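Close look at the chain arrangement
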Amino acid sequence: MKPLRIESQLDPTNADVEAIDRGLHSYNQRSADLDAIRRFAVYARQADGTLAGGALARWWGAACELMQLWVDQPLRRQGVGASLMQRVETLAIEHGCCLIYLDTFSFQAPEFYQRLGYETACRFDGFPDGGSKFILRKALITQSP
C-alpha cells in the first residue's frame, strides 16, 4: 500500500463531505438495511396554514429518533411542543417502536423533555458558556395485539 497523506481542513468542501457520507453509507448498508429507516414529521399550523411548529423524526426497527423539534417563539409554553411530542410518540408506537431517543443542549430544552418522562442516558459537558449536551430516552408503552 502506498503511504497516505493525512490532512485537515477547517472548512471542508461539499464534495469531500459528500464522499465521506457516501463511503460510510455504503459500508453501513452492507451490514444493515438502512432503506428500512422511515422519516416522518408532525406539524402545528395556524388557521391560515402557516407553520407554527413541527417535529422531524425517524424510526428504524423498534427505535424512534426525534431529530428536531421547533415551536415558534410566541407559542412556546402553551402546550404546543407537548402536543407535537405526544403525536410523535403515538406514531412511533403505532409503527412498533418501544424506545424513543433524542439529543438536546442545555440551552435548548432538557427540562421540557424530562417533564415528558424522558431520562438522561448521557451528558457531555465542555461546550461554550458552560453548556452541556444531553442524550435522552424514553420507553414507549405499546399495546398488546
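Everything below is about the structure shown above.
Here goes a summary of the coordinates provided. From a predicted model like this one, the values you see are computed outputs, not experimental measurements.

1. Description of the layout of surface pockets
- In this structure, the largest pocket occupies an estimated 660 Å³ of space.
- In this structure, the largest pocket is lined by 24 residues; those nearest its centre are Leu69, Arg76, Gln108, Ala109 and Phe112.
- Here the lining of the largest pocket takes 6 residues from strand β3 (residues 63-71), the largest share from any one element.
- In terms of residue class, the lining of the largest pocket is built from 12 nonpolar, 7 polar and 5 charged.

2. Overview of helix α2 (residues 80-94)
- Between the first and last C-alpha of α2 there are 21 Å, a value that for 15 residues agrees with the 21 Å anticipated at 1.5 Å per step.
- Of the surrounding elements, those touching the buried residues of α2 are β1 (38-45), β2 (51-60), β3, β4 (99-105), α3 (110-115) and β6 (131-139).
- Among the residues trailing α2, Gly96 stands out with phi positive, at a value near 85 degrees.

3. Here we look at the sheet that holds β6
- Sheet architecture is open: 6 strands sit in the order β1-β2-β3-β4-β6-β5, paired in mixed fashion. Edge positions in the sheet fall to β1 and β5 (119-127), since each has one partner strand and no second. Averaged over all pairs of adjacent strands, the angle between their axes in this sheet comes to 20 degrees, without regard to strand direction.
- The pairing of β2 with β3 spans 8 bridges and is classified as antiparallel.

4. Some remarks on the packing of aromatic side chains
- Summed over all chains, the structure comprises 5 aromatic pairs.
- An angle of 45 degrees between the planes, with centres 4.9 Å apart, marks the rings of Phe40 and Trp59 as tilted. Here Phe40 is found in strand β1, whereas its partner Trp59 is found in strand β2, with 19 residues between them in sequence.
- Since its relative accessible area comes to 13%, Trp59 is described here as buried.

5. Describing the pattern of salt bridges
- This model, assessed by the stated rule, comprises 6 salt bridges.
- Measuring nitrogen to oxygen at the nearest pair gives 2.8 Å for the salt bridge that ties Glu65 to Arg58.
- Looking at Glu65, the relative accessible area reads 15%, which means it is buried.
- Measuring nitrogen to oxygen at the nearest pair gives 2.8 Å for the salt bridge that ties Arg123 to Asp125.

6. A short note on the environment of Tyr113
- Here Tyr113 shows up in helix α3.
- Here Tyr113 falls in the buried class, since its relative accessible area comes to 6%.
- Sequence-wise, Tyr113 and Pro12 are 101 residues apart; in three dimensions their C-alpha atoms are separated by 34 Å.

7. Topic: the nonpolar core
- Judged by nonpolar contacts, the single largest core of 25 residues is most densely connected at Phe40, Val42, Cys64, Leu66, Val88, Tyr113 and Tyr118.
- Secondary-structure elements contributing two or more residues to this core are β1, β2, β3, α2, β4, α3 and β6.
- Examining the composition of this core, we find that 6 residues originate from one element, α2, more than from any other.

8. A few points about unusual backbone geometry
- A positive phi angle, close to 65 degrees, is found at Arg77, a residue other than glycine.
- Here Arg77 shows up in the loop between β3 and α2.
- One non-glycine residue, Asp129, lies in the positive phi region at around 60 degrees.
- Within the element layout of this structure, Asp129 appears in the loop between β5 and β6.

What counts, and at which threshold
Residues numbered from 1 in each chain as written. Predicted model: local features only at pLDDT ≥ 70, side-chain atom pairs only at ≥ 80, totals over all residues. Heavy atoms only, no water. 1 Å grid on protein atoms, 1.4 Å probe; cavity = no way out; pocket = protein on both sides within 12 Å on 5 of 7 lines; lining within 4 Å. Points joined across faces, edges and corners; volume = space filled by probe spheres on them. Helix = DSSP H or I, 4+ residues; strand = E, 2+ residues; numbered from the N terminus. Nonpolar A, V, L, I, M, F, W, Y, C, P; charged D, E, K, R; others polar. Expected span 1.5 Å × (residues − 1). Contact = heavy atoms within 4.5 Å. Pairing = 2+ DSSP bridges. Axes fitted to C-alpha atoms, helices over the stretch in contact; angles between N-to-C directions. Phe/Tyr/Trp six-rings, centres within 6.5 Å; stacked < 30°, edge-to-face > 60°. Buried < 20%, exposed > 50% of the residue type's maximum accessible area, 1.4 Å probe, protein only. Salt bridge = Lys/Arg side-chain N within 4 Å of Asp/Glu carboxyl O. Core = buried A, V, L, I, M, F, W, Y, C linked by side-chain atoms within 4.5 Å.

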